[in-house]
Amino acid sequence: MDRRLVLNAQLAIAQGHRVEVTEQFDPETGEPAVLVIVDLDAGIRYRAEDPRGDVSRWLGRVVDCTVTIGSHGAHTVLTVAPDRAGTAGAKAALRGADAAVEAAKAEADRWGGADRAPEPPVERRW
(Lines give C-alpha, C1' and ligand atoms only; values in the text may rest on other atoms or scores of the structure.)
Protein backbone atom coordinates (compact mmCIF):
# COMPACT_ATOMS: atom_id res chain seq x y z
CA MET A 1 0.00 0.00 0.00
CA ASP A 2 1.42 3.34 -1.04
CA ARG A 3 2.18 5.92 1.65
CA ARG A 4 1.33 9.58 1.07
CA LEU A 5 3.73 12.00 2.76
CA VAL A 6 2.78 15.68 3.00
CA LEU A 7 5.82 17.80 3.85
CA ASN A 8 6.04 21.50 4.71
CA ALA A 9 9.03 21.90 2.43
CA GLN A 10 9.77 22.14 -1.26
CA LEU A 11 11.74 19.09 -2.30
CA ALA A 12 11.69 17.39 -5.65
CA ILE A 13 12.47 13.70 -5.82
CA ALA A 14 12.24 12.06 -9.21
CA GLN A 15 9.69 9.35 -9.85
CA GLY A 16 11.23 5.89 -9.42
CA HIS A 17 13.97 7.01 -7.01
CA ARG A 18 14.55 4.90 -3.92
CA VAL A 19 14.19 6.77 -0.63
CA GLU A 20 14.82 6.08 3.04
CA VAL A 21 12.27 7.71 5.34
CA THR A 22 12.88 8.28 9.06
CA GLU A 23 9.75 8.92 11.11
CA GLN A 24 9.02 9.55 14.75
CA PHE A 25 5.59 8.89 16.22
CA ASP A 26 3.93 11.78 18.01
CA PRO A 27 2.86 10.44 21.44
CA GLU A 28 -0.14 12.79 21.56
CA THR A 29 -1.67 11.97 18.18
CA GLY A 30 -0.01 8.62 17.44
CA GLU A 31 0.65 9.82 13.90
CA PRO A 32 4.08 9.57 12.30
CA ALA A 33 6.08 12.75 11.65
CA VAL A 34 8.73 12.65 8.93
CA LEU A 35 12.14 13.77 10.23
CA VAL A 36 14.50 12.74 7.42
CA ILE A 37 14.13 11.68 3.78
CA VAL A 38 17.21 10.43 1.94
CA ASP A 39 17.10 10.19 -1.84
CA LEU A 40 19.28 7.08 -2.20
CA ASP A 41 19.68 7.44 -5.97
CA ALA A 42 20.73 11.12 -5.90
CA GLY A 43 22.48 11.00 -2.54
CA ILE A 44 20.58 13.99 -1.16
CA ARG A 45 19.44 14.13 2.47
CA TYR A 46 16.43 16.29 3.40
CA ARG A 47 16.31 16.75 7.16
CA ALA A 48 13.64 18.55 9.21
CA GLU A 49 15.05 17.62 12.61
CA ASP A 50 17.75 15.41 14.06
CA PRO A 51 16.26 12.00 14.82
CA ARG A 52 16.09 11.45 18.58
CA GLY A 53 14.42 8.81 20.66
CA ASP A 54 12.21 6.13 19.20
CA VAL A 55 12.29 6.39 15.39
CA SER A 56 11.21 4.17 12.53
CA ARG A 57 13.12 3.85 9.25
CA TRP A 58 11.76 2.35 6.10
CA LEU A 59 12.67 2.16 2.42
CA GLY A 60 10.49 2.78 -0.59
CA ARG A 61 10.28 3.95 -4.17
CA VAL A 62 8.76 7.29 -5.22
CA VAL A 63 5.57 6.80 -7.23
CA ASP A 64 4.58 10.47 -7.51
CA CYS A 65 5.97 13.83 -6.38
CA THR A 66 4.00 17.09 -6.45
CA VAL A 67 5.69 20.31 -5.34
CA THR A 68 3.46 23.31 -4.64
CA ILE A 69 5.40 26.57 -4.88
CA GLY A 70 4.59 29.97 -3.48
CA SER A 71 5.09 31.89 -0.27
CA HIS A 72 1.94 30.67 1.50
CA GLY A 73 1.26 26.97 1.74
CA ALA A 74 4.39 25.81 -0.09
CA HIS A 75 4.61 22.06 0.38
CA THR A 76 5.43 18.74 -1.22
CA VAL A 77 3.25 15.66 -1.53
CA LEU A 78 5.20 12.43 -2.05
CA THR A 79 3.56 9.11 -2.81
CA VAL A 80 5.95 6.32 -1.85
CA ALA A 81 5.54 2.58 -2.34
CA PRO A 82 7.26 0.97 0.67
CA ASP A 83 9.56 -1.98 0.11
CA ARG A 84 7.96 -5.11 1.43
CA ALA A 85 11.17 -6.06 3.24
CA GLY A 86 11.23 -2.73 5.10
CA THR A 87 9.71 -1.84 8.45
CA ALA A 88 7.00 0.44 7.12
CA GLY A 89 4.25 0.74 9.65
CA ALA A 90 5.96 -1.46 12.22
CA LYS A 91 4.73 0.68 15.10
CA ALA A 92 1.19 0.68 13.73
CA ALA A 93 1.37 -3.08 13.20
CA LEU A 94 2.50 -3.60 16.77
CA ARG A 95 -0.30 -1.40 18.08
CA GLY A 96 -2.75 -3.39 15.96
CA ALA A 97 -1.29 -6.65 17.22
CA ASP A 98 -1.62 -5.49 20.84
CA ALA A 99 -5.25 -4.59 20.21
CA ALA A 100 -5.84 -7.99 18.59
CA VAL A 101 -4.31 -9.77 21.59
CA GLU A 102 -6.55 -7.86 24.00
CA ALA A 103 -9.61 -8.64 21.87
CA ALA A 104 -8.66 -12.33 21.72
CA LYS A 105 -8.19 -12.45 25.49
CA ALA A 106 -11.59 -10.86 26.04
CA GLU A 107 -13.21 -13.30 23.64
CA ALA A 108 -11.46 -16.27 25.27
CA ASP A 109 -12.63 -15.08 28.69
CA ARG A 110 -16.16 -14.76 27.38
CA TRP A 111 -16.27 -18.19 25.76
CA GLY A 112 -13.84 -20.00 28.04
CA GLY A 113 -15.78 -19.58 31.26
CA ALA A 114 -13.40 -17.19 32.99
CA ASP A 115 -16.33 -16.05 35.08
CA ARG A 116 -16.57 -19.49 36.78
CA ALA A 117 -14.40 -20.65 39.63
CA PRO A 118 -11.67 -23.06 38.51
CA GLU A 119 -12.04 -26.73 39.35
CA PRO A 120 -9.98 -27.83 42.33
CA PRO A 121 -6.84 -29.77 41.45
CA VAL A 122 -7.08 -33.55 41.62
CA GLU A 123 -5.12 -35.09 44.48
CA ARG A 124 -2.45 -37.42 43.16
CA ARG A 125 -0.77 -40.25 44.97
CA TRP A 126 2.66 -41.37 44.03
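The structure reproduced in this document is the subject of the present report. (Residues numbered from 1 in each chain as written. Predicted model: local features only at pLDDT ≥ 70, side-chain atom pairs only at ≥ 80, totals over all residues. Heavy atoms only, no water.)

## Some words on the overall build of the protein
In step 1: A count of helices and strands for the protein gives one helix and six strands.
In step 2: Traced from its N-terminal end to its C-terminal end, the protein shows the element sequence β-β-β-β-β-β-α.
In step 3: A total of 126 residues make up the protein; the buried ones form 20% of that total.
In step 4: In the protein, once contacts between residues fewer than 6 apart in sequence are set aside, the share between residues at least 24 apart is 57%. (Helix = DSSP H or I, 4+ residues; strand = E, 2+ residues; numbered from the N terminus. Buried < 20%, exposed > 50% of the residue type's maximum accessible area, 1.4 Å probe, protein only. Contact = heavy atoms within 4.5 Å.)

## Observations regarding the sheet that holds strand β6 (residues 75-82)
In step 1: With antiparallel pairing, six strands are arranged side by side in an open sheet as β1-β6-β5-β2-β3-β4. The open sheet has two free edges, formed respectively by β1 (3-7) and β4 (44-47), since each of these has just one partner strand. Taken pair by pair, the neighbouring strands of this sheet meet at an average axis angle of 35 degrees, ignoring direction.
In step 2: Judged from the seven bridges that link them, strand β2 (residues 18-25) and strand β3 (residues 32-39) form a sheet pairing that is antiparallel. Pairing of F25 across the sheet is with P32, part of β3. (Pairing = 2+ DSSP bridges. Axes fitted to C-alpha atoms, helices over the stretch in contact; angles between N-to-C directions.)

## Some words on the pattern of salt bridges
In step 1: Within the structure shown, the criterion is met by two salt bridges.
In step 2: Taking the shortest distance from any N to any O, the salt bridge between R3 and E23 comes out at 2.8 Å. Taken together, the positions of R3 in strand β1 and E23 in strand β2 put the pair 20 residues apart, joining distant regions of the chain.
In step 3: A relative accessible area of 2% means that E23 is categorised as buried.
In step 4: When the shortest N-O distance is used, the salt bridge between R18 and D83 registers 3.2 Å. Here the residue R18 occupies a position in strand β2, and D83 occupies one in the loop between β6 and α1 (90-112), the gap between them amounting to 65 residues. (Salt bridge = Lys/Arg side-chain N within 4 Å of Asp/Glu carboxyl O.)

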